[in-house]
Amino acid sequence: MSPAEEQLKAMALQAFEALFNKRDYAVAERFWSPDYIQHSAHIPPGRDGLFNLVRAAAPTMRYENSKIVVNGNLVMMHGRFSGLGDVPNWIAADILLIDGDGQFAEHWDVIQDEASRDSSESGLPMFGDTFGA
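These numbers were taken from a predicted model, which means no experiment stands behind them.

Asker: Could you give an account of the sheet that holds strand β1 (residues 32-38), with specific residues and numbers?
Answerer: In spatial order, the strands read β1-β5-β4-β3-β2; together these five strands make up an open sheet with mixed pairing. The open sheet has two free edges, formed respectively by β1 and β2 (62-71), since each of these has just one partner strand. Between one strand axis and the next, the sheet turns by 25° as a mean value, whatever way the strands run. Judged from the three bridges that link them, β1 and strand β5 (residues 104-113) form a sheet pairing that is parallel. Within β5, the position partnered with Trp32 by the bridge is Phe104.

See the structure below:
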């Protein structure tokens, strides 16, 4: 991975930590463009839509990253959202387009409920080496 790609990887991990785990919206604003375009069916439009979704989420919500791939100005993150309240953990593939200012300009995702050991046809976890709670 090139130094520029390593930098984007570190930036994306810092951004997700700031928003989803620390809920530090002032820091998160540095990572998400004010003109942010949201393609997710689960999240209202724009940066405010995303931030308000996080504000309304269970205070126990956490993001953990498993894999991250960078290709030019695209970042793909495979992660787990846990602590969502009375719903199963989510396993997500987040795809982020980075603009010329180094901020997230657009976002797409694929989200599914995390399978339990009993419901996993493969017998393997969807995230990391262990099944979620």
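Asker: So, the pattern of salt bridges: which residues are in play, and what are the values?
Answerer: Evaluated as defined, the whole model comprises two salt bridges. Glu64 serves as the salt-bridge partner of Arg80, at 3.5 Å between the closest nitrogen and oxygen. With a gap of 16 residues between them, Arg80 in strand β3 (residues 74-82) and Glu64 in strand β2 connect regions that are remote in the sequence. Residues Arg80 and Glu114 are paired through a salt bridge, measuring 3.1 Å at the closest nitrogen-oxygen approach. Of the two residues, Arg80 is situated in strand β3 and Glu114 in the segment after β5; the sequence distance between them amounts to 34 residues. Take Arg80: its relative accessible area is 8%, and that puts it in the buried class. Several salt bridges share partner residues, and in doing so they unite Glu64, Arg80 and Glu114 into one network.

The rules we used
- Residues numbered from 1 in each chain as written.
- Predicted model: local features only at pLDDT ≥ 70, side-chain atom pairs only at ≥ 80, totals over all residues.
- Heavy atoms only, no water.
- Pairing = 2+ DSSP bridges.
- Helix = DSSP H or I, 4+ residues; strand = E, 2+ residues; numbered from the N terminus.
- Axes fitted to C-alpha atoms, helices over the stretch in contact; angles between N-to-C directions.
- Salt bridge = Lys/Arg side-chain N within 4 Å of Asp/Glu carboxyl O.
- Buried < 20%, exposed > 50% of the residue type's maximum accessible area, 1.4 Å probe, protein only.

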